[in-house]
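# Examination of the molecular architecture
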Amino acid sequence: MSNCSAVLSAFLSRQLPEALEMLRQMVDQNSFSANRAGVNALGRFTAAQFAPLGFAAEYVPSANPALGDHLVLSRPGRGTATVGMISHLDTVYPPEEEQRQQFVWRPVGDRIYGPGTLDIKGGTVLMHLVLAGLRQVAPAVFDETTWVLLLNSSEEVLSPDFGLLCCARLAGARAALVFECGARVGEELTVVTARKGRAVFRCQVEGRGAHAGGDHDRGANAIVQLAETVRHLAAVTDYTRARTVNVGTITGGTVVNRVPHRASAELEMRAFSAEDYEAGKAAILALNGPGTVRAASDGYPCRVRVELLAETPPWPRNAATERLFRLWQDTAARLGLRLAREERGGLSDANLIWQAVPTLDGLGPLGDNTHCSEQSADGTKEQEYVEVSSFVPKATLNAMALLELLRD
């Protein structure tokens, strides 16, 4: 392995300037999730970059016609093994925000600041480096393997249809490798082996309106009821179980001289294990029914209605992911690196596909400040950036681990 990895690392180092130019052009293209034209333009540019490696492009319309097309890049192999690689095209930055914050491609030492440098255009470039490296040092393995690359047009707004697309195209694959950004903890690199699931709810309270001065006792105050219900919702949080509830928005009432007859809140619940996730859902939905706030005149009760709006189930620890992690960890050790597992609270496409295909995440480059376009003179706010020095080591690790996987 030592000779092969040295040859691979040297090749990737020579390729890095070209890879960074690819990244620069990607970053220059705004691909905010709602910018359909921009997302599709990035998809066409990405397909053109992978074409010299032998990949054919297919554009799959999103289930939501307002969003861009998903991109599938495929290269059939002569053998039976299939490997999937996952990235996405969209970012969270509208064009006007990039302009207002002067958030553009900006190299500073080992860092390159810019929208999507880390999440996730840098990950797509790392995929390209891995595949180019494998073609260079292990052409037989590269040609024997069927490679399927899937790039979500709308990962940042969670498009469930992309998960179905991945599961259909990767049936029977050895692995689905997700190139979300990696991390470093001390001297250890990390890969992601589990993610929390998320359930989104709306809580609506119907009370009874009344004149706040003359008939206050006839009113059933929906805002007061909602305040009590929110306390119960927040109590579903259990840090010992890594389960959290966040009440994100509250609205209610119309004017101050009227007892409010309606109020509502939206919230999300997250948890790692399926058991804790389902228990949290059940506790939240159990708040449906008559409330405790009643009109003083006749006992008319407020009524609470909680509905589940959307959910993305957890990606918990599992045997298939564990096997991939051990392979990557053993490969890292042979390369003189230390690799640890990371379990993240945020969602990724891995949540949608892990049950169908062995999945490993966090294989992209290192950096920080994802989803942040702000910067301040005192350094307390910094924009998203990627570390240039992380590309070659991460690409080398991923390529060498893939060789082990495909030779098994």
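Presented here is a report on the structure given in the accompanying data block. (Residues numbered from 1 in each chain as written. Predicted model: local features only at pLDDT ≥ 70, side-chain atom pairs only at ≥ 80, totals over all residues. Heavy atoms only, no water.)

## Considering the overall build of the protein
Counting secondary structure elements, the protein contains eleven helices and 20 strands. Expressed along its principal axes, the backbone C-alpha trace of the protein runs to roughly 85 × 45 × 40 Å. Of all 408 residues assigned to the protein, the portion counted as buried reaches 52%. In the protein, once contacts between residues fewer than 6 apart in sequence are set aside, the share between residues at least 24 apart is 78%. (Helix = DSSP H or I, 4+ residues; strand = E, 2+ residues; numbered from the N terminus. Buried < 20%, exposed > 50% of the residue type's maximum accessible area, 1.4 Å probe, protein only. Contact = heavy atoms within 4.5 Å.)

## A look at empty space enclosed by the protein
Counted by the stated rule, this structure contains one cavity of 30 Å³ or more. Size it by volume and the largest cavity reaches roughly 30 Å³. Looking at the largest cavity, the residues that line it are Gln 15, Glu 18, Ala 19, Met 22, His 128 and Leu 129. Residue contributions to the lining of the largest cavity peak at four residues, all from helix α1 (residues 2-28). Residues belonging to the lining of the largest cavity are distributed by class as follows: three nonpolar, two polar and one charged. (1 Å grid on protein atoms, 1.4 Å probe; cavity = no way out; pocket = protein on both sides within 12 Å on 5 of 7 lines; lining within 4 Å. Points joined across faces, edges and corners; volume = space filled by probe spheres on them. Nonpolar A, V, L, I, M, F, W, Y, C, P; charged D, E, K, R; others polar.)

## Quick word on the sheet that holds strand β19 (residues 367-368)
Strand order in the open sheet made by the four strands is β4-β5-β20-β19, with antiparallel pairing throughout. The outermost strands of the open sheet, each flanked by one partner alone, are β4 (106-108) and β19. One ladder, built from three bridges, connects strand β5 (residues 111-113) with strand β20 (residues 385-387); its direction is antiparallel. In the strand pairing of β20, Ile 112 is matched with Val 386. (Pairing = 2+ DSSP bridges.)

## Some points on the layout of surface pockets
Reported here for the largest pocket is a volume of approximately 420 Å³. Together, 20 residues line the largest pocket, and Asp 119, Glu 180, Leu 347, Thr 370 and His 371 are the ones closest to its centre. Looking at side-chain class alone, the lining of the largest pocket contains four nonpolar, seven polar and nine charged residues. Taken as a whole, the second largest pocket encloses approximately 200 Å³ of empty space. As for the second largest pocket, its lining consists of 13 residues, and the residues nearest its centre are Gln 15, Glu 18, Gln 49, Pro 52 and His 128. Residue assignment for the lining of the second largest pocket shows that the elements contributing at least two residues are α1 and α4 (121-137). Looking at the lining of the second largest pocket element by element, the count peaks at six residues for α1.

## Comments concerning the nonpolar core
In a soluble, globular protein the nonpolar side chains are often hidden away together inside. Counting 68 residues, the largest nonpolar core has Trp 147, Trp 328 and Leu 402 as its most contacted members. Apart from the residues lying within four places of it in its own chain, the contact partners of Leu 402 are Val 83, Met 85, Val 130, Leu 134, Trp 147, Leu 177 and Trp 328. Residues Ala 220, Ala 222, Val 236 and Tyr 277 belong to the second largest nonpolar core, which totals 22 residues. (Core = buried A, V, L, I, M, F, W, Y, C linked by side-chain atoms within 4.5 Å.)

## As for the packing of aromatic side chains
Applying the stated criterion to the full structure yields four aromatic pairs. Against the face of Tyr 113 rests Arg 106, its NZ or CZ located 4.2 Å from the ring centre. It is Arg 111 that lies over the ring of Tyr 385; its NZ or CZ is 4.1 Å from the centre. (Phe/Tyr/Trp six-rings, centres within 6.5 Å; stacked < 30°, edge-to-face > 60°. Lys NZ or Arg CZ within 6 Å of the ring centre and 35° of its normal.)

## Quick notes on the packing of α1 against helix α11 (residues 391-407)
Contact pair α1 / α11: the axes reach a minimum separation of 9 Å and the direction vectors enclose 125°. The angle between α1 and α11 falls in the class oblique. In this structure, α1 crosses over α11, and the sense of that crossing is right-handed. Residues Cys 4, Ser 5, Leu 8, Ser 9, Leu 12, Ser 13, Leu 16, Leu 20 and Leu 23 of α1 pack against Phe 391, Val 392, Ala 395, Thr 396, Ala 399, Met 400 and Leu 403 of α11. Of the residues that constitute the contact of α1 with α11, the class distribution is twelve nonpolar, four polar and no charged. (Axes fitted to C-alpha atoms, helices over the stretch in contact; angles between N-to-C directions. Parallel < 35°, antiparallel > 145°, perpendicular 65-115°, else oblique. Left-handed = near helix turned anticlockwise from the far one by under 90°.)

## Some words on the pairing of strand β3 (residues 82-88)
The buried fraction of β3 is high, at seven of seven residues. Burial of β3 is two-sided: the residues Thr 82, Gly 84, Ile 86 and His 88 facing one way and the residues Val 83, Met 85 and Ser 87 facing the other way are all buried. As judged from the seven bridges shared by β3 and strand β6 (residues 146-152), these two strands associate in the parallel manner. What sits directly across from Ile 86, in β6, is Leu 150. Sheet topology note: the β3/strand β7 (residues 175-178) ladder contains four bridges and is parallel. Counted as the bridge partner of Ile 86 is Val 178 from β7.

## Points about the sheet that holds strand β12 (residues 244-252)
The strand order β12-β14-β10-β16-β15 describes an open sheet built from five strands, whose pairing is antiparallel. The strands lining the two open edges of the sheet, one partner per strand, are β12 and β15 (289-294). Pairwise comparison of adjacent strand axes, ignoring direction, gives a mean angle of 25° for this sheet. Across nine bridges, strand β10 (residues 197-206) lies against strand β16 (residues 301-312) in antiparallel orientation. Each bridged residue has a counterpart across the sheet, and for Val 200 the counterpart in β16 is Ala 310.

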